[in-house]
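# Residue-level structural notes
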Amino acid sequence: VFNQEPEILHPKRTDVLVITPWLAPIVWNGTYNIDILNKKYHQMGVHVGVTIFAVKKYTVFVKTFIKTAEKFFMVGHKVNYYVFTDRPDDIPKIALPEGRQMVILNVPSYQRWQEVSMRRMEMIRDFSQQRFIKEVDYLVCVDVDMQFTDDVGVEILSEVFGTLHPGFYGASRQHFTYERRPQSQAYIPQDEGDFYYAGGYFGGTVQEVYKLTDFCHKAMMTDKQDNIEAVWHDESYLNKYFLYHKPTKVLSIEYLWENHFKVPNVLQRRRFVAIPKQHNAIRN
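The rules behind each value
- Throughout this description, residue numbers start from 1 for each chain and increase along the sequence as written.
- Confidence filtering applies because this is a predicted model: local features only for residues at pLDDT of at least 70, side-chain atom pairs given and counted only at 80 or more, and all residues used for totals across whole chains, interfaces and linings.
- Based on all heavy atoms of the structure, the side-chain values leave hydrogens and waters out of the count.
- Here's how the labels work: a residue is buried when its accessible area is under 20% of the maximum for its type, exposed when over 50%, partly exposed in between, all with a 1.4 Å probe on protein chains only.
- A run of H or I in DSSP becomes a helix once it reaches four residues, and a run of E becomes a strand once it reaches two; helices and strands are each numbered from the N terminus.
- Between any two strands, pairing holds if DSSP finds at least two bridges.
- When the strands point away from the viewer and the path from the first strand over the helix to the second turns clockwise, the crossover is right-handed.
- Two residues form a contact once any of their heavy atoms are found within 4.5 Å.
- Where helices are involved, their axes are fitted lines through C-alpha atoms of the stretch in contact, as for all axes, and angles between N-to-C directions lie from 0 to 180°.
- Cavity and pocket criteria rest on a 1 Å grid covering protein atoms alone: a 1.4 Å probe that fits but cannot get out defines a cavity, protein on both sides within 12 Å along at least 5 of 7 lines defines an open pocket, and an atom within 4 Å of a point defines a lining residue.
- Grid points are joined across faces, edges and corners, and a volume is the space filled by probe spheres set on the points.
- UniProt positions are given in the numbering used here, feature names are shortened, and annotations may be inferred rather than shown by experiment.

### Looking at the pairing of strand 3 (residues 78–85)
Across the eight residues of strand 3, seven count as buried, placing the element largely inside the fold. Direction of pairing for strand 2 (residues 47–54) relative to strand 3: parallel, over a ladder of eight bridges. Bridge assignment links Thr 51 to a residue of strand 3, and that residue is Tyr 82. Following the chain from strand 2 across helix 2 (residues 62–72) to the adjacent parallel strand 3, one finds a crossover that is right-handed. Two elements, strand 3 and strand 4 (residues 100–106), share seven bridges in a ladder whose sense is parallel. Bridge pairing in strand 4 links Val 83 to Ile 104.

Dropping the structure here:
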């Protein structure tokens, strides 16, 4: 017996878009009941994998990432942190509770940071097929130079999800920095596109992440043969993929934030925040 009317009849938020035109939920604070969701995913015994790339000097971010994730990310659920790195000896040893573990995956280093960024799609794809499919139910693929500052739980899980880019929140389509050259595989025409998605936060079931990363990697390789590099590297190809393969859930800017942005009134929580850094010093 329901003690309360189902909340669905009374949308909690009217100040933000909570559903896409293709009826995928957009996740904001106040749009879900975490207790109901936790119960559901505990019954399923869900196991979540997180991929991060700690290549070259980016190893310095791993400790903060894991420590803050342990406080806020999928608390009470089973988690594998997959750390892709070319410097395994620089990855700190962190004691984790039962059901949560860090897995070091050795990867080659590339000269240019753009290459490192773009090769992530290939590596996630290959490991999805060889390993992740046997170990976890969902993958969450994020940047390592970030910290969790509020709860991020099973409310993000879905078949395939993308995240709104905080730099383009509220901007109109013509301001999106999609790849506009028709000769690129990442090309999106001026009159198309739903949202501008961030390259640093996507995920879904292992099978769906495999499809997404396979598409992006093949598109990049085709462009590479034609001496084209998309304007925002892997992010450009991700946006192209989501244009024709709509995400089944979209995460709001709460899930990816940079503190130097002007804070809109709709932002009630900042859950996952970029760590300020000198890009050039870290990348080179």
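Next, the rest of the story.
### Structural notes on helix 2
Taken together, the buried positions of helix 2 are Val 62, Phe 65, Ile 66, Thr 68, Ala 69 and Phe 72. Tucked inside the fold, the buried residues of helix 2 contact strand 2, strand 3, strand 4, strand 5 (138–142), strand 6 (146–148) and strand 10 (272–274). Directly after helix 2, the chain includes Met 74, whose backbone phi takes a positive value near 50 degrees.

### Here's the deal with the pairing of strand 5
Buried residues dominate strand 5, accounting for five of its five residues. Because side chains alternate across strand 5, one face comprises the buried residues Tyr 138, Val 140 and Val 142, and the other comprises Leu 139 and Cys 141, equally buried. Note that strand 2 and strand 5 share four bridges and pair parallel. Bridge pairing in strand 5 places Gly 49 opposite Leu 139. Pairing analysis gives five bridges linking strand 5 to strand 8 (residues 201–205), with the strands arranged antiparallel. Paired with Tyr 138 across the bridge in strand 8 is Thr 205.

### As for the sheet that holds strand 5
Taken in spatial order, the eight strands of this open sheet run 1-9-7-8-5-2-3-4, and their pairing is mixed. Only two strands of the sheet have a single partner each, and these edge strands are strand 1 (26–27) and strand 4. Sitting on the sheet, helix 4 (residues 206–225) touches strand 5, strand 7 (160–163) and strand 8, and the angle it makes with strand 8 is about 130 degrees.

### Notes on empty space enclosed by the protein
Evaluation of the coordinates by the stated rule reveals two cavities of 30 Å³ or more. By volume, the largest cavity is sized at about 80 Å³. Taken together, Thr 51, Phe 53, Arg 120, Met 121, Ile 124, Cys 141, Val 142, Asp 143, Gly 199, Gly 200, Phe 202 and Asp 234 form the lining of the largest cavity. Sorting the residues of the lining of the largest cavity by element identifies strand 2, helix 3 (113–135) and strand 5 as the ones contributing at least two each.

### Description of the environment of Leu 212
With respect to the helices and strands, the residue Leu 212 is situated in helix 4. A sequence separation of 33 residues divides Leu 212 from His 245, and the C-alpha atoms of the two residues are 8.7 Å apart.

### What to know about the UniProt feature "binding site: UDP-N-acetyl-alpha-D-galactosamine" (unreviewed entry) in the protein chain
Following the UniProt record, the feature "binding site: UDP-N-acetyl-alpha-D-galactosamine" (unreviewed entry) maps to Phe 53, Ala 54, Val 55, Tyr 58, Asp 143, Val 144 and Asp 145 here. With the annotated positions falling across 93 residues, the maximum pairwise C-alpha distance of 11.2 Å places them together in a single cluster. Lining the largest cavity, from the set of annotated residues above, are Phe 53 and Asp 143. Here Ala 54 lies in strand 2. Tracing the backbone through its elements, the reader meets Val 144 in the loop between strand 5 and strand 6. When residues no more than four places from it in sequence are discounted, the contact partners of Val 144 are Ile 52, Phe 53, Tyr 58, Phe 61, Val 62 and Phe 65.

### What about the environment of Lys 40?
With respect to the element layout, Lys 40 can be found in helix 1 (residues 34–44). Here the alpha-carbon distance between Lys 40 and Val 154, two residues 114 residues apart in the chain, equals 9.4 Å.

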